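Below are the chains, spelled out letter by letter.
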Amino acid sequence: MRSPAEMDIVQIDISTKCHLKCSNCTRLIAHQPKREDMPLETFERAVRSMEGWDGENRVIGIIAGEPTLHHDFERISRRFAELWGGPLTGNGRRPVADFNDLATERLFDRSTGRGLWTSLGAGFYRHYETIMEVYGHWNTNTHESGGRHQALLITREDYIARTGISQEQWEKNRDDCWVQRMWSAAINDKGAYFCEVAAAIDRLYFDGAHAWPVEQGWWQRTPADFKQQLDLCNYCALAQPGPSQLDTLDRDVISPQSRKLLQQAGSPAVRKGHFELFDTAYHAEKRVVDRRDNYVGSDRRVGIGNRSAYPRRLSAVLVSVGYGAALAQTLPHNVDQFDELVVVTTTTDSDTQAVARQHGAKLVLSDRCWDDAHSFNKGRMLNDGLAALSDPDWVVLTDADVFMNEGLRAFVLNHALNPGCLYFTQRHERGAVAGQDDAVNMQPNGYFQLFHPRAAAIRDRWPKAVSEAFCSAGSVDTWFAQQWGMGKLIPIPDLAVSHLSSRWLGENWNGVAKREGSWSQLGILTTNGFSTFLQIQQLPDVIKLTDTLYGDTVELETRQLNDHVQLAPEGLVFRGRLIGQAHIHVAYRG
């Protein structure tokens, strides 16, 4: 046997929840009378107790039934990253065609010192962004590849009585147990243990009576200190030559004494009859374990048809006010790419309304674009469209004059995408645009922004995910992209779109019809100075500035501009706060 100090993995068992019902589960999930989660404070104490154990190639693993189903998994994970191991990772930001490839790659990465044992499922999908950042090492097994789980719930007395093995041989096998030799010590909500399976047995049968206190240095105990916990081996047959069966079967092989103990513990599986009694006439297979992941089966860790990490739905939201003619061209081409396509327009735009209804788009009517004397507040319209989505998963923000790529839907639904990222693509102009030299735009702009509502960048604001501070259609998409940060803006050139070209850059950003006396965009301020898409000789006396990082707005006299905007080596400083390379939206009232 090994001291935990000699191990390269120690597990923290955080939950008894699971979406699977595997046979002979080492966490005894089918027999747990209640689904319980480890409190955050207990988890923090567990991590702190490992101080001094860390080293090269060593990992503290988070395990459970399925740990991502813990009700506070995200907070536990973020706290884990603060307390233990290396920096956050940039893993899994690019689209992933075969998730098994990524899972296999992560199996060999111990760089962060933090590991996740997972079977994927809804919890994994829900916490995808956090998992990619916090856990460098994953041990993934969706139990779909013909793996076999050895029967463990056979007591020492029953095993010896049915096999004829001697007491001496049983103890010899116990002392050379492959679980303790290859797997991990563990901490659960009851305490610390020399063996992760012993931890599960003690929790279920004895309410943690054999647990060691979770205190700094507990892991330095040697086999000479295991005596009390060795009693738990009397309830486990994993060290002995014994039967195994496919992990997908919803039943355990148990012995008569184990059945009584499980009944006393309130086992749902025993109550429902989901078990087989150990009988050497039928359960004679001798399973040989010679590697840690002997249970995986075909070595494919994610089943070939497993969709746990892939998008479920694809929706789109676009604004069309005065663009009915353009929409009549693009909507028939685009609508079938989406499970739901929302068109937002005003109560007076009958042309857009008619096109949307004709082609089966979901229509949202809103005049909020003109509130507060704004010329065309596109952000408000987009938020009204987002609020109208039914069960949104992945969402595309686009424009009425953009043709989607014909392969969009197939690509999205067949690639795992990280909710922590905003994906963008190329836009090809179908004609020349005055003031724009390049016919290809490759920026994360409003013609194509693919994102998930659960992204940490926006979820606290959902469904009002878009800033409503900009008086025009310009800059609002830049602000939206800035919320993710540069490292999470991911291009997908394969999804290139095409654009019914404007006559000049900025045409109709202030709306198709001029609204007298309204706030309209004049141009932008960047680190290179002021630029405008309007024909003006000088700045108006009064302007409004809105930055595209924080959405902070100030109305001022033009002569006060230098009091609010400065140029620093790191970029622009707006109202005393660094906004770097983010630009400033400049508006006037006229």
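Check the entry above for the structure.
Residues numbered from 1 in each chain as written. Predicted model: local features only at pLDDT ≥ 70, side-chain atom pairs only at ≥ 80, totals over all residues. Heavy atoms only, no water.

Chemist: How would you sum up the overall build of the protein chain? Please name residues and give values.
Modeler: Counting its secondary structure elements, the protein chain contains 18 helices and 29 strands. Taken along the three principal axes of its C-alpha coordinates, the protein chain extends 100 × 50 × 35 Å. Taking as baseline every contact in the protein chain between residues at least 6 positions apart, the subset at least 24 positions apart corresponds to 74%. Of the charged side chains in the protein chain, 63 are positive and 73 negative; the average position of the first set lies 4 Å away from that of the second. (Helix = DSSP H or I, 4+ residues; strand = E, 2+ residues; numbered from the N terminus. Contact = heavy atoms within 4.5 Å. Lys, Arg positive; Asp, Glu negative; His and termini not counted. Charge placed at Lys NZ, Arg CZ, Asp CG, Glu CD.)

Chemist: Outline the side chain of Asp8, supporting the account with residue identities and numerical values.
Modeler: Structurally, Asp8 is set in the segment before strand 1 (9-13). Of the residues examined, Asp8 reaches a relative accessible area of 19% and is grouped as buried. One polar contact links Asp8 to Arg110, side chain to side chain, over a distance of 2.8 Å. Beyond its immediate sequence surroundings of up to four residues, Asp8 is in contact with Trp53, Asn57, Arg58, Val59, Arg110 and Arg292. (Buried < 20%, exposed > 50% of the residue type's maximum accessible area, 1.4 Å probe, protein only. Polar contact = N/O pair within 3.5 Å; in protein donor to acceptor, adjacent residues only side chain to side chain.)

Chemist: Pulling in residues and values, what's your account of the layout of surface pockets?
Modeler: Size it by volume and the second largest pocket reaches roughly 740 Å³. Lining the second largest pocket are 39 residues; nearest its centre among them are Ile63, Trp117, Asn139, Trp183 and Tyr295. Among the elements of the structure, strand 1, strand 3 (114-118), strand 4 (137-140), strand 5 (148-150) and helix 8 (178-182) are those that each provide at least two residues to the lining of the second largest pocket. A total of three residues in the lining of the second largest pocket trace back to one element, the largest contributor, which is strand 5. Its residues assigned to classes, the lining of the second largest pocket shows 17 nonpolar, 14 polar and eight charged. (1 Å grid on protein atoms, 1.4 Å probe; cavity = no way out; pocket = protein on both sides within 12 Å on 5 of 7 lines; lining within 4 Å. Points joined across faces, edges and corners; volume = space filled by probe spheres on them. Nonpolar A, V, L, I, M, F, W, Y, C, P; charged D, E, K, R; others polar.)

Chemist: I'd love a proper account of the environment of Ser350, names of residues and values included.
Modeler: Here Ser350 shows up in helix 14 (residues 350-358). Residues Ser350 and Gly324 lie 26 residues apart in sequence; the distance between their C-alpha atoms is 8.3 Å.

Chemist: I'd like a rundown of helix 13 (residues 324-334), residues and numbers included.
Modeler: Taken together, the buried positions of helix 13 are Gly324, Ala326, Leu327, Thr330, Leu331 and Asn334. In a view along the axis of helix 13, the buried residues occupy a sector of 130°, so they form one face of it. On its buried face, helix 13 sits against strand 11 (314-319), strand 12 (340-345), helix 14 and strand 15 (402-403). (Arc of directions from axis to C-beta.)

Chemist: Go over the side chain of Thr425, please, and point to the residues and values.
Modeler: If you trace the backbone, Thr425 turns up in the loop between strand 16 (422-424) and strand 17 (427-429). For Thr425, the side chain forms a polar contact with the main-chain oxygen of Ile492, separated by 2.7 Å. If sequence neighbours within four positions are ignored, Thr425 has contacts with Asn441, Met442, Gln443, Tyr447, Phe448, Ile492, Pro493, Leu495, Ala496 and Val497.

Chemist: Now, about the sheet that holds strand 15: what can you tell me, with residues and values included?
Modeler: Strand order in the open sheet made by the four strands is 15-21-17-18, with mixed pairing throughout. On the outer flanks of this sheet lie strand 15 and strand 18 (440-441), each paired with one strand and no other. In this sheet, strand 21 (residues 497-499) lies alongside strand 15 in antiparallel orientation, the contact comprising two bridges. Along strand 21, the bridge assignment pairs Val402 with His499. (Pairing = 2+ DSSP bridges.)

Chemist: Kindly report on a positive patch on the surface, identifying the contributing residues and their values.
Modeler: Together, Lys21, Arg35, Arg271 and Lys272 make up a positively charged patch on the protein surface. As for its position among the elements, Arg35 is in the loop between strand 1 and helix 1 (40-48). On the accessibility criterion, Arg35 (43% relative accessible area) is partly exposed. (Patch = residues over 30% accessible without salt bridge, like charges linked within 9 Å, V, L, I, M, F, W, Y side chains within 5 Å. Areas by Shrake-Rupley, 256 points an atom, 1.4 Å probe, with all protein chains shown as cover. Salt bridge = Lys/Arg side-chain N within 4 Å of Asp/Glu carboxyl O.)

Chemist: Summarise unusual backbone geometry; cite the residues concerned and give the values.
Modeler: Here the bond from Trp462 into Pro463 is cis, since omega is 5°, no more than 30 degrees from zero. On the secondary structure map, Pro463 appears in the loop between strand 19 (448-451) and helix 17 (476-482). In this structure, Leu28 takes a positive phi of about 55° despite not being glycine. With respect to the secondary-structure elements, Leu28 resides in the loop between strand 1 and helix 1. A relative accessible area of 1% means that Leu28 is categorised as buried. Phi angles above zero are rare outside glycine, and Asp391 is one such case at about 50°. Looking at the element boundaries, Asp391 is found in the loop between helix 15 (378-387) and strand 14 (394-399).

Chemist: Before we move on, could you go through the environment of Val395 and cite the residues and values that matter?
Modeler: Relative to the helices and strands, Val395 resides in strand 14. A residue is classified by how much of its surface remains accessible, and Val395, at 0% relative accessible area, is buried. As a C-alpha pair, Val395 and Ile490 span 95 residues in sequence and 15 Å in three-dimensional space. Those residues in contact with Val395, other than ones at most four positions away along the chain, are Ser315, Leu386, Leu389, Gln449, Leu450, Phe451 and Pro453.

Chemist: For the pattern of salt bridges, give the residues involved together with the corresponding values.
Modeler: Two side chains carrying opposite charge are able to pair once their charged atoms lie near each other. Inspection of the entire model under this criterion finds 33 salt bridges. Between Asp8 and Arg110 there is a salt bridge whose closest N-O contact spans 2.8 Å. Here Asp8, found in the segment before strand 1, pairs with Arg110, found in the loop between helix 3 (99-107) and strand 3; they are 102 residues apart in sequence, far enough to count as distant. Neither residue differs from the other here; Asp8 and Arg110 are each classed as buried. A salt bridge links Arg368 to Asp384; its shortest N-O distance comes to 3.1 Å. With a gap of 16 residues between them, Arg368 in the loop between strand 13 (362-365) and helix 15 and Asp384 in helix 15 connect regions that are remote in the sequence. By relative accessible area, which is 23% here, Arg368 ends up partly exposed. Connected via shared salt-bridge partners are Lys34, Glu36, Asp189 and Arg203.

Chemist: So what about the packing of helix 1 against helix 2 (residues 73-83)? Which residues, and what values?
Modeler: Between helix 1 and helix 2, the shortest axis-to-axis distance is 10 Å and the interhelical angle comes to 25°. Classified by the interaxial angle, the pair formed by helix 1 and helix 2 is roughly parallel. Helix 1 and helix 2 meet at a crossing whose hand is right-handed. Together, Leu40, Phe43, Glu44, Val47 and Arg48 of helix 1 and Arg75, Ile76, Arg79, Phe80 and Leu83 of helix 2 make up the contact between the two elements. In the contact of helix 1 with helix 2, the residues fall into six nonpolar, no polar and four charged. (Axes fitted to C-alpha atoms, helices over the stretch in contact; angles between N-to-C directions. Parallel < 35°, antiparallel > 145°, perpendicular 65-115°, else oblique. Left-handed = near helix turned anticlockwise from the far one by under 90°.)

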